[in-house]
Amino acid sequence: MPHLDERLEHIYNDVTRRNAGEAEFHQAVREVLESLGRVVAKRPVYAEDALIERICEPERQIIFRVPWTDDKGKVHINRGFRVQFNSALGPYKGGLRFHPSVNVGIIKFLGFEQTFKNALTGLPIGGGKGGSDFNPRDRSDAEVMRFCQSFMTELSRHLGEYTDVPAGDIGVGAREIGYMFGHYKRLTNRYEAGVLTGKGLFYGGSRARKEATGYGNTYFVERMLATRGHSFDGKKVVVSGSGNVAIYTIEKVQSFGGVVIACSDSGGYVVDENGIDLNLVQEIKEVRRGRISEYARLKGKGSHYIEKGSIWDVPCEVAMPSATQNELTGRDARTLVKNGLIALGEGANMPCTPDAVKLFQEAGILFAPGKAANAGGVATSALEMQQNASRDSWTFEQTEARLAQIMRNIHDDCASTAEEYGAPGDYVLGANITGFVRVAEAMRAFGVI
Ligand code: NDP
């Protein structure tokens, strides 16, 4: 593990001691602290008044019981979470994840990362994250609705367009947001459109929101490739996952002339040397909520499915991990580098393990960290809030143009900060420092809060 500045070491030790067993949260904090050594050396004021310690401590953590009844009348209990991490720049903002692996450490890592990501967008949003260990897979629509209503019954006490504005994440898409918004509206007797984002277009959603994270990552990587005279055109690309982020990454990469040859789900991955047929992936995953294994069976010639195994064994020039945290290991990184990787953009949150990131950076691979590269989703959520606040609705082109501009700005801000701090091309350092300074400056202005 890289060395931490001695002014920061005790902060990391305190975080691990006070948040025992929360491995992902420790990992996310450590990665940011590793970047901050250069900041406190240059501007020691940031090491004063326990400012960094305060940034590592969530403002509020809510854990609650979610009882619900399945179609057979059996009662189930899940656990709900909302971590309101930092509101220095605006109301807490960040998605809800429904997945059996969810626990408080995962939600805290996501909320912590979200704080810096949201600062990078340049829009007035704080950081938060939430979710539940509920597994929507194989549940009927009626069961998902009852779960969402029970979840929102408690969560609604903590939300509001000026307080906390959730959105979707793994396992939470348009269906779940619809059930939750409908229930919130009923509980509060207010049509408070700005309380949730990722809403359907008929009731206050924004055009380009569902595409935004995947499109945004692609815009970021395109600009990063351009710094070395490359583009997506003709490049072999591998995108892990086949959910919201993966699907719209594939769509945008294809529109830029890239050839996406593999995608996956938690069961395995599919390779199609002719280029992934996106309509077929959408039909299987979005419409039928099926398994990616069906792709090879339906597509036939030129494609094959590998159960389990690592999608990163597939040789490519650009990798865009878009499934989940720690899905790409040091072993995978070595394989990708050996196979000629040029660039990687993290669509998911923290998909690369720390040793994988180190390997990429040592090998001179263009590496875009999730907090910068996947910020397009939350940025467009903030644009949805703007539209709701002004009772307006923008066109797709107008919204996508704003998204593209935001991604260009994030790229350029990260690049120039990295340069300013003596590490040109280090987007991890650039993203962490840019986000940190924005949050830190606001917190200093507020006094000890
Ligand atoms: P979805 O639920 O739409 O899709 C998730 C995809 O990842 C599915 O294909 C799923 O497979 C796969 N997956 C989930 N968990 C695992 C696992 N443990 N191992 C292997 N594959 C897995 O989620 P999103 O596309 O919304 O989110 C993907 C990532 O992007 C997450 O890290 C999320 O935090 C991040 N992100 C999402 C944003 C958004 O706007 N949606 C914004 C910024 C970041 P299966 O179908 O088998 O479950």
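One can find the structure itself at the top, above this paragraph.
A short tour of the structure in this document, coming up. Only a predicted model underlies this, so the values are computations on that prediction, with no experimental measurement involved. Throughout this description, residue numbers start from 1 for each chain and increase along the sequence as written. Confidence filtering applies because this is a predicted model: local features only for residues at pLDDT of at least 70, side-chain atom pairs given and counted only at 80 or more, and all residues used for totals across whole chains, interfaces and linings. Hydrogens and water are ignored here; the side-chain numbers use all heavy atoms of the structure.

## Some remarks on the sheet that holds strand S7 (residues 259-265)
Just so we agree on the cut-off: Between any two strands, pairing holds if DSSP finds at least two bridges. By the criteria applied, helices consist of DSSP H or I runs no shorter than four residues and strands consist of E runs no shorter than two, each listed in order from the N terminus. Lines fitted to the C-alpha atoms define the axes, with helices restricted to the stretch that makes contact. Angles between their N-to-C directions range from 0 to 180 degrees.
Read across the open sheet, the seven strands follow the order S9-S8-S7-S6-S10-S11-S12; overall the sheet is mixed. Because the sheet does not close on itself, it has two edges, and the strands there are strand S9 (303-307) and strand S12 (366-368). Between one strand axis and the next, the sheet turns by 15° as a mean value, whatever way the strands run. Examined bridge by bridge, strand S6 (residues 236-239) and S7 share three bridges and lie parallel to one another. The partner of Val237 across the bridge, within S7, is Val260.

## Concerning the sheet that holds strand S5 (residues 164-167)
Taken in spatial order, the five strands line up as S1-S2-S4-S3-S5 in an open sheet, and their pairing is mixed. Looking at which strands have only one partner, the edges of the open sheet turn out to be strand S1 (60-69) and S5. Averaged over neighbouring strand pairs, the angle between their axes works out to 20° when direction is ignored. Where strand S2 (residues 75-86) lies against strand S4 (residues 127-132), six bridges are found, and the strand directions are antiparallel. Paired with Gln84 across the bridge in S4 is Gly128.

## Some details on the nonpolar core
This is how the line gets drawn: What is meant by a nonpolar core is a set of buried Ala, Val, Leu, Ile, Met, Phe, Trp, Tyr and Cys residues, joined one to another through side-chain atoms within 4.5 Å. Each residue gets one of three labels from its accessible area relative to the maximum for its type: buried under 20%, exposed over 50%, partly exposed in between, using a 1.4 Å probe on protein chains only. Domain extents, as shown, originate in an automatic or database domain assignment.
In this structure, Phe220 and Ile410 are the most contacted members of the largest nonpolar core, which totals 53 residues. It is helix H7 (residues 209-226) that contributes the most residues to this core, seven residues altogether. Lining this core are residues from two domains, each supplying at least three of them: domain 2 (60-192) and domain 3 (212-373). In terms of nonpolar packing, the next biggest core, distinct from the first, is built from 42 residues, Val29, Phe81, Val104 and Leu110 among them.

## Overview of the side chain of Asn349
This is how it is decided: Contact criterion: two residues are considered in contact whenever any of their non-hydrogen atoms come within 4.5 Å of each other.
Its location among the elements puts Asn349 in the loop between strand S11 (343-345) and helix H12 (354-362). Taking the relative accessible area as the measure of exposure, Asn349 reaches 9% and is therefore buried. Setting aside chain neighbours within four positions, we find Asn349 in contact with Phe109, Leu110, Glu113, Lys117, Lys129, Asp169, Thr324, Gln325 and Asn374.

## Points about the site of the ligand
Applicable threshold: The rule for a residue being near a molecule or strand is that one of its heavy atoms must lie within 4 Å of it. Two N or O atoms count as a polar contact when they lie within 3.5 Å, although within protein this holds only if one can serve as hydrogen donor and the other as acceptor, and sequence-adjacent residues are included solely when both atoms are side-chain atoms. In short, Shrake-Rupley with a 1.4 Å probe defines the accessible areas, and a residue's cover is counted only from the protein chains shown. The classification used treats Ala, Val, Leu, Ile, Met, Phe, Trp, Tyr, Cys and Pro as nonpolar, Asp, Glu, Lys and Arg as charged, and all other residues, Gly among them, as polar.
Contacts to the ligand come from 25 residues, most closely from Asp169, Thr213, Ser266, Arg291 and Asn349. Here an oxygen atom of the ligand and a side-chain polar atom of Arg137 are 3.1 Å apart. Val245 has a polar backbone atom sitting 2.9 Å from an oxygen atom of the ligand. Protein burial of the ligand: of its 890 Å² of free accessible surface, 82% is covered by the chains. Among the residues forming the shell around the ligand, the class breakdown is four nonpolar, 14 polar and seven charged. When residues of the shell around the ligand are assigned to domains, at least three map to each of domain 2 (60-192) and domain 3 (212-373).

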